[in-house]
Amino acid sequence: MKKASKILLSLMAFLLIISFSVVVNAHSVELDPDGLIFFPFLIINGEGNIDISTTETNYTLFYQAVEIPNDIYDQIKNIQSEGEVALDAIDVELDTLNADCENLETIYDEAYEKYNSLIEGAVEGSELETARTEYETAKTNYENKVAEYNNKVKEYNDKVNEINQNINELTPMYDDGAWQETENGDFKIDKSTFSGTKAFVLWARLDKQDGTTVYDEVICTAEGTMQEEVNVTSVELNRTELYLTAGSDYILIATISPDNATDKTLTWSSDNEEVATVEDGKVTAIGPGTATITVRTNDGNFEDTCKVIVTNDISIDDPNIDNNDNNNDNNNDGSKDPTIAGGKIPQTGEPFIFGSVIAILIVSSVVLYRKMKHYNFKQ
């Protein structure tokens, strides 16, 4: 009896293991009922090898990876996570029930042996009756506990089926037009088409020699190698206002933020091409008047503008000229330094006074030196 009960418990434990493994490959399609397809335990970098049972020969194997949308994958993970918690709780109860079954089985065995020995010893009367009652009670208690254990196993399997069903409704199906044949079972997910972590359903299709087809699948994740897209947040021109003479040109510089933005495509336009045109930032003055040059980003449609004023003649106070234009005679704001004349000699201010003082000191030193030299000769 001990051996029979242990076989029963082992069988129930085996069923639990099988049921739990189904969680990994849950889908509404019947998956590999004969266990012919074997996915690798770990899928590293989106690569691995699919094994086929040695009982199969002359078959053709295909695979494909179907991307799972992020929100769907989050739902699947949530179902699995909550399901594992529920299954763990049931598993704890199963451990307790299993211990109770083993304890009651021991009591049952002892009661049975005692009762059987009394029968074999031809003992009758109250002692035999008491032994029989203890034996029947122990048997009932044990059978009831085993039934309770079996009910808990059913609860566990029902929970697994519930988890499977919920995941079934979310797991993407294969695409009949996207199968890739693999001769040796190797598979590889193309990681160059995405960035970050993506979840996939890796499907396998086994076309058997007898003409039947078997499907199986597993959920896995892979890290994409495509450069992650960085969105543009702004664009800024180096000038807000520009003065040009007809026939001249100027190159506007557009700075895109952030510097590592993925799409730095720009579109340039002028609202008055009779006054000024623009191509890739180069502004060409056509005729007198005012035009607005606009630069716009392809990503996000951010824009900035520069007002262009074109005249037939431009004064020396041209605000376009600044230190950045390699003209050091002007301030950064483009205005002419009032202390600098056409000949670039200081006219007023501290530089002029300082220079005059130095000149006077030099002349005085020369005169004094000559007088001292003369006095020395006299002596």
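Residues numbered from 1 in each chain as written. Predicted model: local features only at pLDDT ≥ 70, side-chain atom pairs only at ≥ 80, totals over all residues. Heavy atoms only, no water.

Student: Whenever I open this one, the overall build of the protein chain confuses me. Can you help?
Tutor: Each helix and strand in the protein chain was counted, giving 4 helices and 17 strands. Put simply, the protein chain has 379 residues, and 32% of those count as buried. For the protein chain, restricting intrachain contacts to residue pairs at least 6 apart in sequence, the fraction spanning at least 24 positions comes to 67%. If you sum the accessible surface of the protein chain, you get close to 23600 Å²; carbon and sulfur atoms cover 50% of it. (Helix = DSSP H or I, 4+ residues; strand = E, 2+ residues; numbered from the N terminus. Buried < 20%, exposed > 50% of the residue type's maximum accessible area, 1.4 Å probe, protein only. Contact = heavy atoms within 4.5 Å. Areas by Shrake-Rupley, 256 points an atom, 1.4 Å probe, with all protein chains shown as cover.)

Student: Teacher, can you tell me more about helix H2 (residues 70-120) here?
Tutor: For an α-helix, the turn length of 3.6 residues means that residues three or four places apart are oriented alike. When the terminal C-alpha atoms of H2 are compared, their 72 Å separation across 51 residues agrees well with the 75 Å that a helix rising 1.5 Å per residue should span. Following H2 by one or two positions, Ala122 adopts a phi angle in the positive range, close to 60 degrees. (Expected span 1.5 Å × (residues − 1).)

Student: Would you mind going over unusual backbone geometry with me for this structure?
Tutor: For residues other than glycine, phi is negative in most cases, and the peptide bonds are mostly trans. Note the cis peptide between Ser257 and Pro258, where omega equals -5 degrees. With respect to the secondary-structure elements, Pro258 resides in the loop between strand E12 (254-257) and strand E13 (266-270). Phi at Ala122 takes a positive value of approximately 60 degrees, unusual for a residue other than glycine. Relative to the helices and strands, Ala122 resides in the loop between H2 and helix H3 (126-168). We note that Asp280 has phi near 50 degrees; this positive angle belongs to a residue other than glycine. The residue Asp280 is located in the loop between strand E14 (276-279) and strand E15 (282-285) in this model.

Student: Looking at this structure, how should I read the pattern of salt bridges?
Tutor: A side chain of one charge can pair with a side chain of the opposite charge when the charged atoms of the two come close. By the definition in use, this model includes 15 salt bridges. A salt bridge links Arg205 to Asp207; the nearest nitrogen and oxygen atoms lie 2.9 Å apart. Note on Arg205: relative accessible area 16%, which makes it buried. One salt-bridge network, held together by shared partners, links Glu93, Lys152 and Glu155. (Salt bridge = Lys/Arg side-chain N within 4 Å of Asp/Glu carboxyl O.)

Student: Sorry, what's going on with the sheet that holds strand E16 (residues 289-297) here?
Tutor: Each strand in a sheet pairs with another by means of backbone hydrogen bonds, the pair being arranged parallel or else antiparallel. Sheet architecture is open: 4 strands sit in the order E10-E17-E16-E13, paired in mixed fashion. Sheet topology places strand E10 (241-245) and E13 at the edges, where each strand pairs with a single neighbour. Neighbour-to-neighbour, the strand axes of this sheet turn through a mean angle of 25 degrees, independent of strand direction. (Pairing = 2+ DSSP bridges. Axes fitted to C-alpha atoms, helices over the stretch in contact; angles between N-to-C directions.)

Student: It is not clear to me how a nonpolar patch on the surface should be interpreted in this structure. Could you clarify?
Tutor: A contiguous nonpolar surface patch, about 420 Å² in accessible area, is contributed by Phe41, Leu42 and Ile44. When you line up the elements, Ile44 lands in the loop between strand E1 (37-38) and strand E2 (47-49). Look at Ile44 and you get exposed, because its relative accessible area is 56%. (Patch = residues over 30% accessible without salt bridge, like charges linked within 9 Å, V, L, I, M, F, W, Y side chains within 5 Å.)

Student: Got a minute to help me understand the sheet that holds strand E11 (residues 249-251) in this structure?
Tutor: The sheet built from 3 strands is open, its strands ordered E11-E15-E14 with antiparallel pairing. Either end of the sheet is taken by a strand with one partner, and the two such strands are E11 and E14. The sheet shows a mean angle of 20 degrees between the axes of neighbouring strands, direction not considered. Examined bridge by bridge, E14 and E15 share 4 bridges and lie antiparallel to one another.

Student: Help me understand the packing of H2 against H3 in this model?
Tutor: Working note: a packed helix pair is described by the angle between its axes plus the distance between those axes. Remark: H2 packs on H3, axes separated minimally by 8 Å, with the N-to-C direction vectors making an angle of 165 degrees. When the axis of H2 is compared with that of H3, the two are roughly antiparallel. With respect to the hand of their crossing, H2 and H3 are arranged in left-handed fashion. Looking at the contact of H2 with H3 residue by residue, the classes come out as 28 nonpolar, 5 polar and 13 charged. (Parallel < 35°, antiparallel > 145°, perpendicular 65-115°, else oblique. Left-handed = near helix turned anticlockwise from the far one by under 90°. Nonpolar A, V, L, I, M, F, W, Y, C, P; charged D, E, K, R; others polar.)

Student: What is the right way to read a negative patch on the surface from this model?
Tutor: Where like charges cluster on the molecular surface, the negative patch consists of Glu84, Asp88, Asp91 and Asp95. Relative to the elements of secondary structure, Asp95 occurs in helix H2. (Lys, Arg positive; Asp, Glu negative; His and termini not counted. Charge placed at Lys NZ, Arg CZ, Asp CG, Glu CD.)

Student: Would you explain the pairing of strand E8 (residues 213-225) in this entry?
Tutor: For a regular strand, the rule is simple: side chains alternate between the two faces of the sheet. Summarising the sheet, strand E7 (residues 195-207) and E8 pair through 13 bridges and their orientation is antiparallel. By the bridge assignment for E8, Ser195 is matched with Thr225.

Student: Would you explain the environment of Gln80 in this entry?
Tutor: Of note, Gln80 is situated in helix H2. Relative accessible area serves as the criterion here: at 24%, Gln80 is assigned to the partly exposed category.

Student: What's the story with the nonpolar core in this structure? I'm lost.
Tutor: Across soluble globular proteins, nonpolar side chains show a tendency to be buried alongside one another. One finds Ile68, Leu94, Tyr149, Tyr156, Trp179 and Trp203 to be the most contacted residues of the largest nonpolar core, which totals 36 residues. Taken together, the elements giving at least two residues each to this core come down to strand E4 (60-68), H2, H3 and E7. Counting residues per element, this core draws most heavily on H2, which supplies 14 residues. Ala261, Val278, Ala291 and Val308 belong to the second-largest nonpolar core, a separate cluster that totals 21 residues. (Core = buried A, V, L, I, M, F, W, Y, C linked by side-chain atoms within 4.5 Å.)

Student: Would you explain the packing of aromatic side chains in this entry?
Tutor: Any pair of aromatic rings gets described here by the distance separating the centres and the angle formed by the planes. Going through the model one piece at a time under the given rule, you end up with 10 aromatic pairs. Where Tyr174 meets Tyr215, the ring centres are 4.7 Å apart and the plane angle is 5 degrees; that geometry is what we call stacked. Note that Tyr174 is positioned in the loop between H3 and strand E5 (180-181) and Tyr215 in strand E8, a separation of 41 residues in sequence. Accessibility classification places Tyr174 together with Tyr215 in one group, the buried group. Ring pairs connect the aromatic residues Tyr108, Tyr112, Tyr115, Tyr135 and Tyr142, which therefore count as one cluster. The positively charged end of Arg205 is found above the aromatic ring belonging to Phe62, 4.1 Å away from the centroid. (Phe/Tyr/Trp six-rings, centres within 6.5 Å; stacked < 30°, edge-to-face > 60°. Lys NZ or Arg CZ within 6 Å of the ring centre and 35° of its normal.)

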